[in-house]
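# Structural features, examined
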Amino acid sequence: MDEDTVKGIFGAYGTVTYSKMFQSKGKPTSSAIVEFASIDEASWVVQNVSGTVPDGLSAPVTVAFKTKKPKGDKGGGFGKGSMGQKGCGGWGKSNGGDSWGR
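Figured I'd write up the structure that's included with this text. Since this is a predicted model, take the numbers as computed values, not measurements. (Residues numbered from 1 in each chain as written. Predicted model: local features only at pLDDT ≥ 70, side-chain atom pairs only at ≥ 80, totals over all residues. Heavy atoms only, no water.)

This part covers helix H1 (residues 3-11). Among all positions of H1, only Val6, Ile9 and Phe10 are buried. Considered in projection along H1, the buried side chains sweep an arc of 85° and stay on one side of the axis. Its side-chain oxygen 3.3 Å from the backbone nitrogen of Asp4, Asp2 forms the N-cap of H1. (Buried < 20%, exposed > 50% of the residue type's maximum accessible area, 1.4 Å probe, protein only. Helix = DSSP H or I, 4+ residues; strand = E, 2+ residues; numbered from the N terminus. Arc of directions from axis to C-beta. Polar contact = N/O pair within 3.5 Å; in protein donor to acceptor, adjacent residues only side chain to side chain.)

What follows is the structure in structure tokens.
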């Protein structure tokens, strides 16, 4: 799967302004960051798409808003199940796969 496919899948639910696909390293799942034009669009996706199988995918996805790291947390990488203030989100197969976020 590539970023154009991610935009196409999630574009059915709102205006995708940014997406970034992360290829899994030896895992059967992938993850992505998807940013929507508004928080309202992103909220709708979190509430209505998470746990479903969007057209073009074969397994349920997990969708969540970005979580802020505690102050002083120097952990690397992306938070599990994240979405940003602009209406940013991500997906991952809910069968143990990585969630997405930014």
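Counting buried positions along strand E2 (residues 31-36) yields six of six residues, so the element is predominantly enclosed. Residues of E2 alternate between two faces, with Ser31, Ile33 and Glu35 on one and Ala32, Val34 and Phe36 on the opposite face, all of them buried. One ladder, built from six bridges, connects strand E1 (residues 16-22) with E2; its direction is antiparallel. Note on E2: the bridge partner recorded for Phe22 is Ser31. (Pairing = 2+ DSSP bridges.)

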